[in-house]
Amino acid sequence: CRSRVCFPRPPPPRPPTMVASQLVLGVATTTIVTTGSMLINDYHDWRGGVDTAETKPGRPLVTGEVRPETVKLVLKWGYALHLTLLCLVEPAALRLLVLANTLLTYLYSVHLKPVTGVKNAVC
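Rules used in this analysis
- Position labels on residues start from 1 in each chain and follow its written sequence.
- Given that this is a predicted model, residues contribute local features only at a pLDDT of at least 70 and side-chain atom pairs are listed and counted only at 80 or more, while totals for whole chains, interfaces and linings are drawn from all residues.
- To obtain the side-chain values, all non-hydrogen atoms of the structure were used and water was disregarded.
- Strands are runs of DSSP state E lasting at least two residues, helices are runs of H or I lasting at least four, and both sets are numbered from the N terminus onward.
- In this description the radius of gyration comes from C-alpha coordinates, and the expected globular size is given by 2.2 Å times residues to the power 0.38.
- Burial classes: relative accessible area under 20% of the type maximum marks a residue as buried, over 50% as exposed, and values in between as partly exposed (1.4 Å probe, protein chains only).
- In this description, a line fitted to the C-alpha atoms serves as the axis of each element, helices being fitted only across the stretch in contact, and the angle between N-to-C directions of two axes falls anywhere from 0 to 180 degrees.
- Comment on the angle field: the value is read as roughly parallel under 35 degrees, roughly antiparallel over 145, roughly perpendicular from 65 to 115, and oblique elsewhere.
- By definition in these notes, contact holds between two residues if any of their heavy atoms fall within 4.5 Å.
- Polar here means any residue other than Ala, Val, Leu, Ile, Met, Phe, Trp, Tyr, Cys and Pro, which are nonpolar, and Asp, Glu, Lys and Arg, which are charged; Gly is therefore polar.
- Take the buried Ala, Val, Leu, Ile, Met, Phe, Trp, Tyr and Cys residues and link them wherever side-chain atoms come within 4.5 Å; each set so joined is a nonpolar core.
- Left-handed describes a crossing whose near helix is turned anticlockwise from the far helix by less than a right angle; the clockwise case is right-handed.
- The patches described consist of residues with a relative accessible area above 30% and no salt bridge, like charges being joined within 9 Å and nonpolar side chains (Val, Leu, Ile, Met, Phe, Trp, Tyr) within 5 Å.
- Where accessible areas are quoted, they stem from the Shrake-Rupley method and a 1.4 Å probe; at the residue level, only the protein chains shown are allowed to cover.
- Any Lys or Arg side-chain nitrogen located within 4 Å of an Asp or Glu carboxyl oxygen qualifies as a salt bridge.

**Quick look at the overall build of the protein**
A count of helical and extended segments in the protein gives 5 helices and 0 strands. Each helix (α) and strand (β) of the protein, taken in turn from the N terminus, gives the series α-α-α-α-α. Over its C-alpha trace the protein gives a radius of gyration of 21 Å, far above what one expects of a compact globule, namely 14 Å for 123 residues. The principal-axis extents of the C-alpha atoms in the protein amount to approximately 75 × 35 × 20 Å. The proportion of buried residues among the 123 residues of the protein is 22%.

Structural data, given as structure tokens:
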């Protein structure tokens, strides 16, 4: 370094295959989080008595078409896959952002949505 201030060299550009794999990971993790969020929401609405035969007659949990145990099993495996894929996401800041989003969707559906006024304030 010949000047008084030395700047680190920028990292080399990523190969196209790495960019494509990160895009696929992004789509996969987004799909899993979105699906999981909907499943958690439907499960807790059914469990809390919000979704009933009178209010949501066509919902699979309400009709008995899908068992609650099946929903929980799908959620467990889906989030296990999500956490595994999350380890491959680069950079680390993005990984933490996706993890925070995942936790917030769960927190909202299970704990915040039932609180009067929170649902309307958030949405």
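**Some details on the packing of helix α1 (residues 16–47) against helix α4 (residues 92–112)**
It is the contact of α1 with α4, at a shortest axis distance of 9 Å, that shows an interaxial angle of 10°. One finds that α1 runs roughly parallel with respect to α4. Note on element contacts: α4 touches α1 through Val98, Asn101, Thr102, Thr105, Tyr106, Ser109 and Val110, opposite Thr29, Val33, Ser37, Ile40, Asn41 and His44. Its residues assigned to classes, the contact of α1 with α4 shows 5 nonpolar, 8 polar and no charged.

**With respect to the nonpolar core**
Counting 7 residues, the largest nonpolar core consists of Ile40, Tyr43, Leu61, Val71, Leu75, Tyr79 and Val110. Elements with a minimum of two residues in this core: α1 and α3 (68–86). If you tally residues by element for this core, the top one is α3, at 3 residues. When neighbours within four sequence positions are excluded, Val71 is seen to be in contact with Leu39, Tyr43, Leu61 and Val66. In this structure, Ile32, Leu85, Leu86 and Val98 belong to the second largest nonpolar core, which totals 6 residues.

**Quick word on unusual backbone geometry**
Across the junction of Glu90 and Pro91, the peptide omega takes the value -5°, indicating a cis bond. As for its placement among the helices and strands, Pro91 is situated in the loop between α3 and α4.

**Notes on the packing of α3 against α4**
As a packed pair, α3 and α4 sit with axes 10 Å apart at the nearest point and diverge in direction by 160°. Taken together, the axis directions place α3 and α4 in an arrangement best described as roughly antiparallel. Crossing hand, α3 versus α4: left-handed. Across the interface between the two elements, Tyr79, His82, Leu83 and Leu86 from α3 touch Arg95, Val98, Leu99, Thr102 and Thr105 from α4.

**A short note on a nonpolar patch on the surface**
A surface patch of nonpolar side chains, amounting to about 240 Å² of accessible area, comprises Leu104, Leu107 and Leu112. Mapping Leu112 onto the fold places it in helix α4. Its relative accessible area of 32% is what places Leu112 among the partly exposed residues.

**Overview of the environment of Thr52**
If you trace the backbone, Thr52 turns up in the loop between α1 and α2 (60–63). The exposure class assigned to Thr52 is partly exposed, which follows from its relative accessible area of 23%. Spatially, the C-alpha atoms of Thr52 and Ala28 are 32 Å apart, while their sequence positions differ by 24 residues.

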